[in-house]
Amino acid sequence: MDFWRRAPNPWSQDVLLGVSWDLMWAAAIAGVAFIVAHALWSKVRAGPGEDGGGAPGSPGSGAGASGLAARVLRHSLTSRLFHWVMAASMLVLLVTAFFPVLGLRFDWVSVHWIAGVVLLATIVFHVVHSTVVRNWRTIWIDGSDVREGTAELKHFITGQGHPPGKTGKYATANKAFHHAAVVVGLGAIVTGVLMMFRIDTVFWAANPYILGDGMWGVVYVVHGLCGVALITMTAAHVYFAVRPDKWWLTRSMIKGWITREEYLTHHDPQKWAPEVGEGATGASAGSAADPAAVA
Amino acid sequence: MAEQLIGVDIAPPDLVAKVTGRAKYAEDFRAEGMVFAKLLISPMPHARVRRIDARRALAMEGVVGILTADDITPVDAPGEACLTMEPLYQGEPILAIAAVDETTAANAIEAVNVDLQPLPFALDPLQSLRPGGADARTEGNTYVRTQESRDFQSLKWPRSVFDDAPPGTLPMGEPQTEWTIGDVDAGFADAAVVIEETLSHQSLTHHPMEPRSTMAYWQNGKLYIHTSTQSVARTQAAIAAQMDLELDDVVLIGEYCGGGFGSKITGSPIMLVPAFFSRKLGRPVMMRINRYEEHYVGRARPGFQAWTKMGFRSDGRMTALDLYIVQDHGPYGLSGDHNSAASTASLTYQPENMRFRGVTVYTNTPPRAAQRAPGGGAIVAMLEPLIDKAARELGVDRVDIRMINAPADNEAWMGANQRPLTSNFVRRAIRIGADQFDWAAKRQLSGQRQGTKATGVGIGVSPYSGGSSGFDGLIVIRPDGRLYIHQGIGNLGTHSFADTARVAAEILGMNWRDCQVIWGDTSQHLPWSSVQAGSQTTHAHTRANHAAAMDALAKLQQIAAMDLGGSPSDYMVDEGRVFRRANRSRGLSFARAAERAIELGGRFDGHELPEDIHVMTVGSATGLAGQGLMGVAKDNYGGEGAIQSWVVGFARVEVDVETGHVELKEYLGSADCGVVLHPRSLAAQIHGGAIQGFGMARSQKWVMDPKWGAGFANRFYTARPPGILDVPLEMDWVAVGEPDPQSPVGARGIGEPPLGAGAAAITSAIADALGGQCLCRTPLTTDVILAALEGREQPFSILDAHV
Amino acid sequence: MAVIRDMIPAFELFQPTTLQDALALLAEYGDEGWALAGGLDSFDWFKDRVKRPTAVVDLAGIESLRGVRPWGDGIEIGAMTTLTDVIENEDVQSRYGLLREAASHVATPQIRNAGTLGGNLCQDTRCWYYRSGWPCYRAGGNTCYASAREAMNREHCVMGARRCVAVNPSDVAPALIALDAQMVIAGRRGERVVDAEDFFIGPAIDITRMTVLKPGEVLTSVRIPPDYAGATFYFEKVRDRQSWDFALAAVATAMVTSGGNIQRARVAVNGVAPYPVRLENVERVVAGRPVSEETAEAGGAVATDGAKPLRHNDYKVALLENLVRRSLRGTEA
Ligand SMILES: Cc1cc2nc3c(=O)[nH]c(=O)nc-3n(C[C@H](O)[C@H](O)[C@H](O)COP(=O)(O)OP(=O)(O)OC[C@H]3O[C@@H](n4cnc5c(N)ncnc54)[C@H](O)[C@@H]3O)c2cc1C
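Residues numbered from 1 in each chain as written. Chains lettered and ligands numbered in written order. Predicted model: local features only at pLDDT ≥ 70, side-chain atom pairs only at ≥ 80, totals over all residues. Heavy atoms only, no water.

Along its sequence, chain B is carved into domain 1 (31–119), domain 2 (301–467 + 641–790) and domain 3 (468–634). Placing a centre on the C-alpha atoms of domain 1 of chain B and another on those of domain 3 of chain B gives a separation of 47 Å. (Domains from an automatic or database assignment.)

Now for empty space enclosed by the protein. Residues and elements named next belong to chain C. For the structure on display, the rule yields nine cavities of 30 Å³ or more. When its volume is computed, the largest cavity comes out at roughly 230 Å³. Together, 19 residues line the largest cavity, and Arg 126, Cys 127, Glu 155, Val 167 and Phe 246 are the ones closest to its centre. For the lining of the largest cavity, a count of residues per class yields nine nonpolar, five polar and five charged. (1 Å grid on protein atoms, 1.4 Å probe; cavity = no way out; pocket = protein on both sides within 12 Å on 5 of 7 lines; lining within 4 Å. Points joined across faces, edges and corners; volume = space filled by probe spheres on them. Nonpolar A, V, L, I, M, F, W, Y, C, P; charged D, E, K, R; others polar.)

This paragraph deals with the pattern of salt bridges. What the rule picks out here adds up to 80 salt bridges over all chains. With its nearest N and O atoms 2.8 Å apart, the salt bridge here joins Glu110(B) to Arg49(C). One end of the pair, Glu110(B), is in helix H3 (residues 102–110); the other, Arg49(C), is in the loop between helix H2 (42–47) and strand E3 (55–58), on a second chain. You can call Glu110(B) buried: its relative accessible area is 8%. Here Asp206(C) ties to Arg209(C) by a salt bridge, and the two come within 2.9 Å at their closest N and O atoms. The exposure class assigned to Asp206(C) is buried, which follows from its relative accessible area of 2%. Put simply, Asp656(B), Glu658(B), Glu236(C), Glu293(C), Glu297(C), Arg325(C), Arg326(C) and Arg329(C) are held in one network by salt bridges that share partners. (Salt bridge = Lys/Arg side-chain N within 4 Å of Asp/Glu carboxyl O. Helix = DSSP H or I, 4+ residues; strand = E, 2+ residues; numbered from the N terminus. Buried < 20%, exposed > 50% of the residue type's maximum accessible area, 1.4 Å probe, protein only.)

Now for the sheet that holds strand E4 (residues 68–71) of chain C. Hydrogen bonds along the backbone pair up the strands of a sheet, which may run parallel or antiparallel. Residues and elements named next belong to chain C. What the five strands build is an open sheet, ordered E4-E5-E8-E6-E7; its pairing is antiparallel. Unpaired on one side and paired on the other, E4 and strand E7 (190–195) mark the two borders of the sheet. Mean inter-strand twist for the sheet, computed between neighbouring axes without regard to direction, equals 25°. By the bridge criterion, five bridges tie strand E6 (residues 182–187) to strand E8 (residues 218–224) in an arrangement that is antiparallel. Within E8, the residue paired with Ile 185 across the bridge is Leu 219. Where helix H1 (residues 19–29) meets the sheet, it contacts E6 and E8, and its direction lies at approximately 130° from that of E8. (Pairing = 2+ DSSP bridges. Axes fitted to C-alpha atoms, helices over the stretch in contact; angles between N-to-C directions. Contact = heavy atoms within 4.5 Å.)

Attention now moves to the pairing of strand E29 (residues 662–672) of chain B. All names here are of chain B. Counted residue by residue, E29 has nine buried out of eleven residues, so it is predominantly covered. For strand E28 (residues 644–656) and E29, the ladder comprises ten bridges, and the chain directions are antiparallel. Bridge pairing in E29 places Glu 654 opposite Glu 663. Hairpin remark: E28 followed by E29, antiparallel, with five residues in the connecting loop; positive phi at Gly 660, about 80°. The pairing of E29 with strand E32 (residues 730–735) spans six bridges and is classified as parallel. Counted as the bridge partner of Tyr 667 is Met 731 from E32.

Glancing now at the sheet that holds E28(B). Strand order in this open sheet of five strands is E19-E20-E28-E29-E32 (chain B), and the pairing throughout is mixed. Each having just a single partner strand, strand E19 (449–450) and E32 of chain B make up the two edges of the open sheet.

Another point: the interface of chain A and chain B. Across the contact, seven residues belong to chain A and seven residues belong to chain B. Summed over both partners, the interface of chain A with chain B comes to about 760 Å²; 72% of that surface belongs to carbon and sulfur atoms. Of all residues in chain A, Pro10(A), Trp11(A) and Tyr209(A) bury the most surface against chain B, accounting for 80% of the area lost on that side. Applying the counting criterion to the chain A and chain B interface returns zero salt bridges. (Buried area = accessible area lost by both parts, 1.4 Å probe.)

Next up on the list: the site of the ligand. By nearness alone, 34 residues border the ligand, and Ala35(C), Asp41(C), Thr116(C), Lys237(C) and Trp244(C) come closest of all. With respect to the ligand, the chains having nearby residues are chains B and C. Measuring from an oxygen atom of the ligand, one finds a side-chain N or O atom of Lys237(C) at 2.6 Å. Summarising the interface, the protein chains cover 95% of the accessible area of the ligand, which totals 960 Å² for the free molecule. When contributions to the shell around the ligand are tallied by element, the ones reaching two or more residues are strand E2 (33–36), helix H7 (117–122) and E8 of chain C. Of the residues forming the shell around the ligand, the biggest block, four residues, is contributed by H7(C). Tallied by class, the residues present in the shell around the ligand amount to 18 nonpolar, ten polar and six charged. (Near = heavy atom within 4 Å. Polar contact = N/O pair within 3.5 Å; in protein donor to acceptor, adjacent residues only side chain to side chain. Areas by Shrake-Rupley, 256 points an atom, 1.4 Å probe, with all protein chains shown as cover.)

Before going further, it helps to spend a moment on the packing of helix H23 (residues 782–790) of chain B against helix H13 (residues 315–327) of chain C. Direction vectors running N to C along H23(B) and H13(C) enclose 75°, while the axes themselves pass 9 Å from each other. By the criterion of interaxial angle, the relationship of H23(B) to H13(C) is roughly perpendicular. In this structure, H23(B) contributes Asp783(B), Leu786(B) and Glu790(B) to the contact, and H13(C) contributes Tyr315(C), Ala318(C), Leu319(C) and Asn322(C). Looking at the contact of H23(B) with H13(C), its residues break down into four nonpolar, one polar and two charged. (Parallel < 35°, antiparallel > 145°, perpendicular 65-115°, else oblique.)

So, about a nonpolar patch on the surface. Residue and element names in this part refer to chain A. A surface patch of nonpolar side chains, about 580 Å² in accessible area, is lined by Trp 25, Ile 29, Val 95, Phe 99, Leu 102 and Leu 104. Contributing elements (two or more residues each) for the nonpolar patch: helix H1 (22–46) and helix H2 (77–102). The element contributing the most residues to the nonpolar patch is H2, with three residues. Positionally, Phe 99 belongs in helix H2. The class for Phe 99 is partly exposed, based on a relative accessible area of 35%. (Patch = residues over 30% accessible without salt bridge, like charges linked within 9 Å, V, L, I, M, F, W, Y side chains within 5 Å.)

Taken together, the contact pairs 51 residues of chain B with 45 residues of chain C. For the pair chain B and chain C, the summed buried area comes to about 4,200 Å², and 56% of that belongs to carbon and sulfur atoms. Broken down residue by residue, the surface that chain B buries against chain C is led by Glu110(B), Tyr717(B) and Arg720(B), which jointly contribute 18%. The interface formed by chain B and chain C holds 13 salt bridges in total. Across the contact surface, chain B and chain C share 26 residue pairs in polar contact (both at pLDDT 80 or more). Those elements giving two or more residues to the side of chain B that touches chain C turn out to be strand E1 (35–41), H3, helix H9 (291–297), strand E30 (704–705), helix H21 (716–719) and H23 of chain B. Among the elements that line the side of chain B that touches chain C, the one with the most residues is H3(B), at six residues.

Okay, the side chain of His541(B) next. All names here are of chain B. If you trace the backbone, His 541 turns up in helix H17 (residues 537–564). Taking relative accessible area as the criterion, His 541 reaches 1% and is therefore assigned buried. Those residues within four positions of His 541 in sequence are excluded, and the remaining contacts are Phe 471, Asp 472, Gln 487, Ile 489, Thr 500, Trp 528, Ser 529 and Ser 530.

All names here are of chain C. Under the definition given, this model contains zero disulfides over all chains. Here Cys 136 is not disulfide-linked; the sulfur of Cys 127 is the nearest cysteine sulfur, at 6.2 Å. Free cysteine Cys 157: the closest other cysteine sulfur is in Cys 164, separated by 7.1 Å. Cys 157 gets classed as buried once you look at its relative accessible area, which sits at 2%. (Disulfide = S-S within 2.5 Å.)

If you want it as structure tokens, here you go:
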């Protein structure tokens, strides 16, 4: 397997062109392997007839359950819209990036960069929205996450230690995924924006020479690595979304709410005090944004 | 009576060999144990070689060795060596590898790793002249020669020079060269019409048919070298000098040369690679140059970025000519095209006042060399349409304005030192050309439209140097009764190696079938000769052979007088015999005379030689001594003034106003080159040179990517020399035929001037078809013409180089 | 690696005599294989060592790929028929003069004697950046050197560019599009037939290929229907030299007229886009109109809709418009 594509430039200097498309296959295989392994292992750990996700606790075991409505708002409409627009653009990006490599020929470049611009816009929105309006710390890993996460992982793999406890709004795994997505996504976007300088767009005329050959090679490699990483990550993400034990979360990303029971089962009200509502929409979630609620 | 040999058509002696393919060019030779060399050329326009790793290449089966710059005699800057560790243009050879076959050598080159450090580079002279602009060479961007010193200089003009020049106008900072005759400002004050334009002319590769291949080997300390060269005697001398050898230790074989056009005057640096390599390896080395490499190492005509201002009185007389030329010099040597351009302009128009300013700037582009009518061809192609413009504004006929400005006789002046000419009949050439072309009728067609086709007629007056003198002639009449004419000039397809030999035969009254020209192999005892360039040969070697024949004639007469009585002047020659004027039967055959010469020895058979001949001729004559009656002499005929020939071109074109396509309908060249030695070969020169001029004026140029300094016109189809369909069906010629009185034969050279005539006639005709609009650039490609016709933006600015 | 040009490296040469064998060989060698026709494009690549197949499959020995034969009321021309044979064919001369004209504008007599119809249609672009072996998009890299601001793109495209701005160099292609021809393609899985205009693809679809041919496929013949046989034809090519030169722009037009009116027309151009372009908007504008200067003007006016010149080829827009206009005047070139 090749990792890089290299070629002599016009001056016969060996330069990087990008990652080898072998990596695309590697990423796809890694994604599938992870899913299969996880699914199988979950079955094994859980024993017959049960899914391995495991409920971390039982309803009512947490404090502050009183006064909760039947439905707890988990994702505001804005957040959901963001998520799905982002998901759509990401999917478009992946399809337009990799299907042509697979031999499916179509005019992909414009769609790809436009999807990239959409993604960028949603992300800018998301960053502003989650720092100004929402509480970005809910998704940020802290010390306890690390401890919890390691323990959970250990438990999942070996069955030892304690099962995952109740979490704040986002479980450690969610947070880890988000972090990875931040890194990989930013990598892809920053390099993608640079790459847009090489083609004619509505913003500017192509100029392949804003960076030197060597630098461009790095840009393409980073973009390529991020791209193939996104294949694996998207696969894993979709896998979890469709797993029955995570369906309550997926539903919340569609409809916005989780049930009171789900809330009480999975979350520690100390760590995450949601606003109260009937699957409400457009909540400004002022209380949730109160750092004290998290601490 | 022996046949007439001057002024008649006679096929050259190499004709059959050429058309049957038996002629052997440099790359056709083979030698025992011969290996093939291939070059590694620089991908960068300017770089320093940091490291060469050829281990993989040298380990390949069949590879026999490597030659780098360390293995060759160094050359002082700004001279050019055949290999370098600091390539100054893309395509410059860095090293060579030899192998038992060419494919292996090529594969080995691919296996070499050369670590190159890119250095700043300059492609466009004007960019290099800007403050902060890159210099093509680490030492600077120009070379200054003064009385006191000669050195590189980094010449930069102040920013204001560039800022003050309106777009599309040549910025003109301080020049390097400047001369003035009279007072141009006064001239302009006198003028009824003043024309001022920025001009441009693109660089173009010579691209002769035969690339410069060479095979070399050493035997007993002597270098045997088969190469493609325009000159033979002079190339031998050049190789000896460059390899630090005695003249005798170089044997040069170059019987055939598939064209040079100035790019192979004494060969070119690359021919030394097999010479050094075979010395290093102890085996014969053949290096064939392919078309791609030829583009890089094959020399090119310098480009010009120029400006002119001309003043005319109401009768059309040029009162002042102001000319500024920025020359694109390439990376090596000292090229004087811009100076020749200025002196050619001065000669053509005899302006009452003139100023020339010029700068020549090194660039990281393939090396320049003289190309057929260097400087002169380019300048007339640029200026002639402007002469038309003045004529139009003044209401003077375009032939008349040329007549009035062309020099009337040999009292003309030329260049800064204002030399007169040996003779000059250009006005007659204009007149008979105009008559034969039927100018009076054709000019009525000017601007006429038929459908989308607009007709234009044009004239181009083109002088160029037509000779040199002072070389040696060497002939021998052997006891077989035949005349052997030794020629040290080359054979690049012009016939002059044979045509100039016929002068000796004619003087000695011999039939051509009894004569043998010996040429192309320095082991065959060749006399010191002119370079086969600059249109020198016809003039120089009709004279040298004349001198040798006169010497032989005198010796024949003396022997006859000795043996048969009377005085030498009682005897004459014809049909291979020397006999008494009064009684044809009292005489000797040349065969007998040759025997007698050998018996007599001394100066008769070459054992005693004139004192004034060149050492090379001494050596050759000594080698031939005792073989027969020898005629050997230096051309001491003398003469005053510059030797210049002229061609006046007349062209009719049709420009399609919807496509910019130009069709050349007819062309006529009218020459003033003294006595016509050989009509058919004169026609070949007038037409062939014109066709080359058509290429320069219409399609040939370089294209280089400015970011990478890389050239794309490196194949015939991208370099675009004209093809046969670009040549008009009707091509005609005429010659004045007036002898040059300062030469015993009266013939001048004709190689160069046809090019400028062809090019200028077309640029003038195209401007005429466009209603007098001068685009002031060569080549005038389809896109340039169409953009002008459509009033659209030109594809390139007039000052862009290599586009 | 140092660069060697003008020297063909060794490869294995196969000279099959049947199409099946040729297809099998091409399939066997995949990316390493190369179909060879007249060699005028192929050898350029080999000589410059930019494309280095290890196995070359010479199609010259396959008799069935040669010659002109009737096809219904039209004709079918084998892909390996030389351009000279196409030009000299009586049917082509009498009924498809447009093809004859186009083919006789290709390069030089020598090249037409060796170059084949199929090779001419499948030939690669002449973009000099690409031909120089630079790692451009078309070569699998990620740069278009020719569209850079400072680039030398006088000969590049004014339409159809997507990252790559090279042009299709074939003179024959637009004529076949104007004649509504079909391309017959054979592959390991059988035969397919595509319209001439769909045979050529732009960089938007596949930046590394000029046609729909997939690796291992062979163009076996070109079928020309009778629809435009004997129509009013116009072919014109503008180039810098009159031989041995590719088109700056070329137009091929076929018009069926009746009573001085254009019933239907097909107009195709080349040298202006990465693929030969059928100008359907022009066809629409002129259909049903009288053959006249006004119609020609109207057609010419829409010919360059959407054209976007590069820095140095603005002239091509005017050239294209003028050529299309001329082609609609109803007079031969
Ligand atoms: C200097 C020069 C100037 C030229 N000028 C012009 C011009 O002005 N106009 C013009 O139209 N053309 C021009 N050509 C192109 C030339 O006319 C040939 O048509 C062209 O090079 C290819 O034809 P060929 O038969 O030689 O094919 P090849 O060179 O052998 O093949 C060309 C390509 O097509 C593929 N191929 C060939 N046949 C088939 C097939 N049956 N099925 C699948 N793939 C196939 C080959 O694999 C190769 O990739 C010029 C060529 C040269 C060298």
